Amino acid sequence: MNQFNMDQIGRKISNLRREQNMTQMELADKLGISFQAVSNWERGNTMPDISKLPELAEIFHVTTDELLGEASGGLVRSAAKGEMEQYMEVNSVTVEEFVQVASLLSTVQAEAGFEKLTEQKTQLKLSDIEDILPFLGSDMVDELALKYMDSPEGDDLEDIARYASGPVLKQIAEKLLAEGKNIEDIARYLSTEDVDRAVLSYMETANWGYLEDIARYASGSVMEQAAEKLVAEGKNIEDIARFLSGECVNRLARSYIEAANWGHLEDIARFLSSDVLEEIADRLAGTGQYGKLEDFLRFLAPETVDRLARKAYEEKGLGTVEDFMKFLSQETRQEIARKEYGKNGLRNMEDIARFLDKEFLTGLAKETLEKEGIKGISPIARYLDQEMLIQFVREKYL
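Cut-off values and rules
Residue numbers restart at each chain and count upward from 1, following the sequence in its written direction. Predicted model: local features are reported for residues with pLDDT of at least 70 only, side-chain atom pairs are reported and counted for 80 or more only, and whole-chain, interface and lining totals are derived from all residues. Heavy atoms from the whole structure form the basis of all side-chain values; hydrogens and water molecules are not counted. Stacked, edge-to-face and tilted labels apply to pairs of Phe, Tyr and Trp rings (six-membered ring for Trp) whose centres lie within 6.5 Å, assigned for plane angles under 30 degrees, over 60, and everything in between, in that order. Remark: exposure states derive from per-residue accessible area (1.4 Å probe, protein chains only) relative to the maximum for the residue type, with buried under 20%, exposed over 50%, and partly exposed in between. Think of a 1 Å grid over just the protein atoms. A cavity is a set of points where a 1.4 Å probe fits yet cannot get out, a pocket is an open set with protein on both sides within 12 Å along at least five of seven lines, and lining residues have an atom within 4 Å of a point. Grid points are joined across faces, edges and corners, and a volume is the space filled by probe spheres set on the points. Each helix corresponds to a stretch of at least 4 residues labelled H or I by DSSP, and each strand to a stretch of at least 2 residues labelled E; elements are numbered beginning at the N terminus. Each residue gets one label: Ala, Val, Leu, Ile, Met, Phe, Trp, Tyr, Cys and Pro are nonpolar, Asp, Glu, Lys and Arg are charged, and the others, such as Gly, are polar. A residue counts toward a patch only above 30% relative accessible area and without a salt bridge, and it is joined to like-charged neighbours within 9 Å or, for Val, Leu, Ile, Met, Phe, Trp and Tyr, to nonpolar neighbours within 5 Å. Using a 1.4 Å probe, accessible areas were evaluated by the Shrake-Rupley method; residue-level cover was limited to the displayed protein chains. Salt bridges are counted wherever a side-chain nitrogen of Lys or Arg sits within 4 Å of a carboxyl oxygen of Asp or Glu. Within this scheme the basic residues Lys and Arg register as positive and the acidic residues Asp and Glu register as negative, but His and the chain ends are omitted. In plain terms, the charge of a residue is placed at NZ if it is Lys, CZ if Arg, CG if Asp and CD if Glu. In this context, the arc is that of the directions from the helix axis out to the C-beta atoms. Any two residues whose heavy atoms approach within 4.5 Å at even a single point are treated as in contact. As a rule, the C-alpha atoms of each element are fitted with a line to give its axis, helices using only the stretch in contact, and angles between N-to-C directions run from 0 to 180 degrees. Here roughly perpendicular refers to angles of 65 to 115 degrees, roughly parallel to angles under 35, roughly antiparallel to angles over 145, and oblique to all remaining angles. Pairs of N or O atoms are called polar contacts if they sit within 3.5 Å, as long as, within protein, a hydrogen donor faces a hydrogen acceptor (for residues adjacent in sequence, only side-chain-to-side-chain pairs).

A. Structural detail: the packing of aromatic side chains. Counted under the stated rule, the structure contains one aromatic pair. Here the aromatic rings of Tyr-202 and Tyr-210 are separated by 5.2 Å at their centres, their planes lie at 65 degrees, and the arrangement is edge-to-face. Its relative accessible area of 1% is what places Tyr-202 among the buried residues.

Structure representation (structure tokens):
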């Protein structure tokens, strides 16, 4: 059942105010509130606090029942008269009904009503009361947090954590850690020191999977300790790299370089400086591992990619360069293509033709047609201008 109709009550307040020939500002002054609050009541956006209802009724020379109207439920009407507890002694109230009224109550009233509600509903779950929590005092919220911490819902305390005190949250976190559980749901409400303790605890128990979930709330120094331990054990720091300083990630990357742990380096490449990326690229190129370079090309400076592609071509040939092509400047593409054309004509160009400028490719095709005829351009024919080909054939053979 709806406990009140804000539109209806708003219209009632507006009508009664005008009957008294009173402006919104004058009514606001009598109540010691802003005229915007009165405007919101009359538009049905908000409801007056329960404590204001008797005062409003007196100003308008009506009863609170007349002010609230017939559509208002018994809980609201009794609260307006200061008789909510007595009402709840003899009437069953649902959680939904109490939630509707809670926003109108003072903290003391809300807590008294909630205690009555828990007497009626002895098996309330945390999910049942989450909408009531904002209206309760911190001491009562702390009591509830500790109660639910030991319940089956103890792993899902995020809704209550935002209202609980620091000491109670710390107690909850310690319990979760002792049980080897994730504190992710409450980490944002903990102090940095408490989150740091959790990180250190997970490090001790090698519970690395939880680190990413709380890393954003931990201090940089503690996350650096965790990252150093991961690297020392040959593990991947990808999941926490974005929470580390650039200097730290670069330093740890050099450990991966020394260990030739290229897979882990690829995972953190986007966090690395250009100097470290070039160091990786030169190490791979220096050992002829051009295939592994593909994973790093998109992170390298264009001039570095061009330089490595030229080196790869000279050492390994055209097949090695295909992976580089989409990252190369047009100048370098044409330079490599021209060298390959000089050695082998167009026969090996099919895989790189799509990356070449059409005008440049057309020039190579014309040269080949002159030397080898139509058969010579077959590897790249689909990338050529068809009208140009037809015109050339007509001129040459027809």
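Moving on, there is more to tell.
B. Up close: empty space enclosed by the protein. What the rule picks out here adds up to two cavities of 30 Å³ or more. Taken together, Ser-274, Leu-277, Glu-278, Phe-299, Leu-300, Ala-301 and Thr-304 form the lining of the second largest cavity. A per-element tally of the lining of the second largest cavity places helix H20 (residues 274–286) first, with three residues. Looking at the lining of the second largest cavity residue by residue, the classes come out as four nonpolar, two polar and one charged.

C. Geometry of a negative patch on the surface. Residues Glu-85, Glu-115, Asp-139 and Glu-143 make up a contiguous surface patch of negative charge. Note on placement: Glu-85 falls in helix H7 (residues 84–90). Judged by its relative accessible area of 40%, Glu-85 is partly exposed.

D. Representation of helix H4 (residues 53–60) within the structure. All of the buried residues in H4 are Leu-53, Leu-56, Ala-57, Ile-59 and Phe-60. Seen end-on, H4 carries its buried residues on one side only, within an arc spanning 160 degrees. In the core, the buried residues of H4 are packed alongside helix H1 (6–19), helix H2 (24–31), helix H3 (35–42), helix H5 (64–68) and helix H6 (74–80). Count one or two residues on from H4 and you reach His-61, which has phi positive near 60 degrees.

E. View of unusual backbone geometry. Even without glycine at this site, His-61 takes up a positive phi of about 60 degrees. For His-61, the location among the structural elements is in the loop between H4 and H5.

F. Looking closely at the pattern of salt bridges. Counted under the stated rule, the structure contains 23 salt bridges. In this structure, the salt-bridge partner of Arg-242 is Glu-212, at a minimum N-O distance of 3.4 Å. Taken as a pair, Arg-242 in the loop between helix H17 (220–232) and helix H18 (246–258) and Glu-212 in helix H16 (residues 211–214) lie far apart in primary sequence, 30 residues in all. The exposure class of Arg-242 is partly exposed, given its relative accessible area of 43%.

G. Spotlight on the packing of helix H24 (residues 330–344) against helix H25 (residues 358–372). Following both chains from N to C, one finds H24 and H25 inclined at 10 degrees, their axes separated by 11 Å at the closest point. Between H24 and H25, the crossing angle belongs to the class labelled roughly parallel. When H24 is examined against H25, the residues Gln-334, Ala-337, Arg-338 and Tyr-341 are found in contact with a partner set consisting of Phe-360, Leu-364, Glu-367, Thr-368 and Lys-371. Taken together, the residues that form the contact of H24 with H25 break down as four nonpolar, two polar and three charged.

H. Highlighting the environment of Thr-122. Considering the arrangement of structural elements, one finds Thr-122 in the loop between helix H9 (107–120) and helix H10 (126–129). Remark: the alpha-carbon pair of Thr-122 and Lys-52, spanning 70 residues in sequence, is separated by 32 Å.

I. Representation of the packing of H17 against H18 within the structure. At a minimum axis separation of 10 Å, H17 and H18 run at an interaxial angle of 10 degrees. As far as their axial angle goes, H18 and H17 are roughly parallel. Contacts from Glu-224, Ala-227, Glu-228 and Val-231 in H17 reach Cys-248, Arg-251, Leu-252, Ser-255 and Tyr-256 in H18. Of the residues in the contact of H17 with H18, the class split is five nonpolar, one polar and three charged.

J. A positive patch on the surface, seen in detail. A cluster of basic residues, Arg-270, Arg-298, Lys-326 and Arg-354, forms a positive patch at the surface. Of the residues examined, Lys-326 reaches a relative accessible area of 57% and is grouped as exposed.

K. Broad picture of the environment of Ser-78. Residue position: Ser-78 is located in helix H6. Residue Ser-78 is classed as buried on the basis of its relative accessible area, which comes to 6%. In sequence terms Ser-78 and Thr-64 are 14 residues apart; their C-alpha atoms lie 9.5 Å from each other. Apart from the residues lying within four places of it in its own chain, the contact partners of Ser-78 are Glu-83, Met-84 and Tyr-87. One polar contact links the side chain of Ser-78 to the main-chain carbonyl oxygen of Leu-75, over a distance of 2.8 Å.

L. Layout of H2. Listing the buried residues of H2 in full gives Leu-27, Ala-28 and Leu-31. Each buried residue of H2 lies within a common arc of 100 degrees when the element is viewed along its axis, so the set occupies one face. Residues of H2 that are exposed and angled more than 90 degrees away from the buried face: Asp-29 and Lys-30. The secondary structure elements touched by the buried residues of H2 are H1, H3 and H4. Within two residues after H2, Gly-32 carries a phi angle of roughly 70 degrees, on the positive side.

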